[in-house]
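For reference, the chains in residue letters:
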Amino acid sequence: MLISEIEKVLNEQISAEANSSQYYLAMASWAETKGFEGVSSFFYNHSNEEREHMLKLIKYVNERGGHAIVPELKKPPKVFDCLAHVFQNLLDHEIVVSKKINLVVDLCLKHKDYTTHNFMQWYVAEQIEEEALARMILDKLKLIGDDKGGLYLFDRDILQIKVSEN
Ligand code: OFO
């Protein structure tokens, strides 16, 4: 059985994952309208993954006798300046999500909820991967700068990058 404080932060995490999915969907749509097919497919996949993260939490909360709340979604931005801006937003967002996950882990230890602590380790590992991926992509974009040919190749090559193995 989940204690209410843990149930509350897990529900907040459900909301964070849902809003991540929504945010990346907005990035996918923006990239598609700009003709960046590869980037758009990367973000459609990323958005789906975030939804999977949300569902995994929903199932966990309910299985442990809590009540997972389906959250309200924030309206994400419609327009982004450029690809580097999009991927910087991705990295910044993932850093915020990692902090939230660390808070859940802290609370699990505080309340000796080792089962949820164990469950959350999957998210801890996932965040390491996602932050590393966003940094790697941003480094590539910094090298390319405004070079149109470079951006064309980047958009093609990103199709080979998987958001996560999970
Ligand atoms: Fe759910 O991993 Fe990103 O936010």
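As shown above, the structure is provided for reference.
So, here is what we can say about the structure in this document. (Residues numbered from 1 in each chain as written. Predicted model: local features only at pLDDT ≥ 70, side-chain atom pairs only at ≥ 80, totals over all residues. Heavy atoms only, no water.)

Moving on, we get to unusual backbone geometry. Positive phi, normally seen in glycine, also occurs at lysine 112, with a value near 55°. By the secondary structure assignment, lysine 112 is in the loop between α3 (83-110) and α4 (114-144). (Helix = DSSP H or I, 4+ residues; strand = E, 2+ residues; numbered from the N terminus.)

Before going further, it helps to spend a moment on the packing of α4 against helix α5 (residues 148-157). For the pair α4 and α5, interaxial distance at closest approach is 9 Å and the crossing angle is 155°. Comparing the axis directions of α4 and α5 gives the class roughly antiparallel. Between α4 and α5, the contacting residues are Ile137, Lys140, Leu141 and Ile144 on the first element and Gly150, Leu151 and Phe154 on the second. Taken together, the residues of the contact of α4 with α5 sort by class into 5 nonpolar, 1 polar and 1 charged. (Axes fitted to C-alpha atoms, helices over the stretch in contact; angles between N-to-C directions. Parallel < 35°, antiparallel > 145°, perpendicular 65-115°, else oblique. Contact = heavy atoms within 4.5 Å. Nonpolar A, V, L, I, M, F, W, Y, C, P; charged D, E, K, R; others polar.)

As a further point, take the layout of surface pockets. A probe as big as a water molecule, rolled over the atoms, marks out the empty space that is left. Within this model, the largest pocket holds a volume of roughly 280 Å³. As for the largest pocket, its lining consists of 15 residues, and the residues nearest its centre are Ala16, Asn19, Ser20, Lys74 and His93. Those elements giving two or more residues to the lining of the largest pocket turn out to be α1 (4-33) and α3. Ranked by the residues each element gives to the lining of the largest pocket, the list is headed by α1, at 7 residues. (1 Å grid on protein atoms, 1.4 Å probe; cavity = no way out; pocket = protein on both sides within 12 Å on 5 of 7 lines; lining within 4 Å. Points joined across faces, edges and corners; volume = space filled by probe spheres on them.)

Let us now look at the packing of aromatic side chains. Scanning the entire structure with this criterion turns up 10 aromatic pairs. Consider the rings of tyrosine 23 and tyrosine 24, whose centres lie 5.9 Å apart with planes at 20°: the pair is stacked. Comparing tyrosine 23 with tyrosine 24, the two get one shared label, buried. An angle of 85° between the planes, with centres 5.1 Å apart, marks the rings of phenylalanine 42 and phenylalanine 43 as edge-to-face. No difference in accessibility class separates phenylalanine 42 from phenylalanine 43, as the two residues are buried. A network of ring pairs unites the aromatic residues Tyr23, Tyr24, Phe42, Phe43, Phe87 and Phe154 as a single cluster. (Phe/Tyr/Trp six-rings, centres within 6.5 Å; stacked < 30°, edge-to-face > 60°. Buried < 20%, exposed > 50% of the residue type's maximum accessible area, 1.4 Å probe, protein only.)

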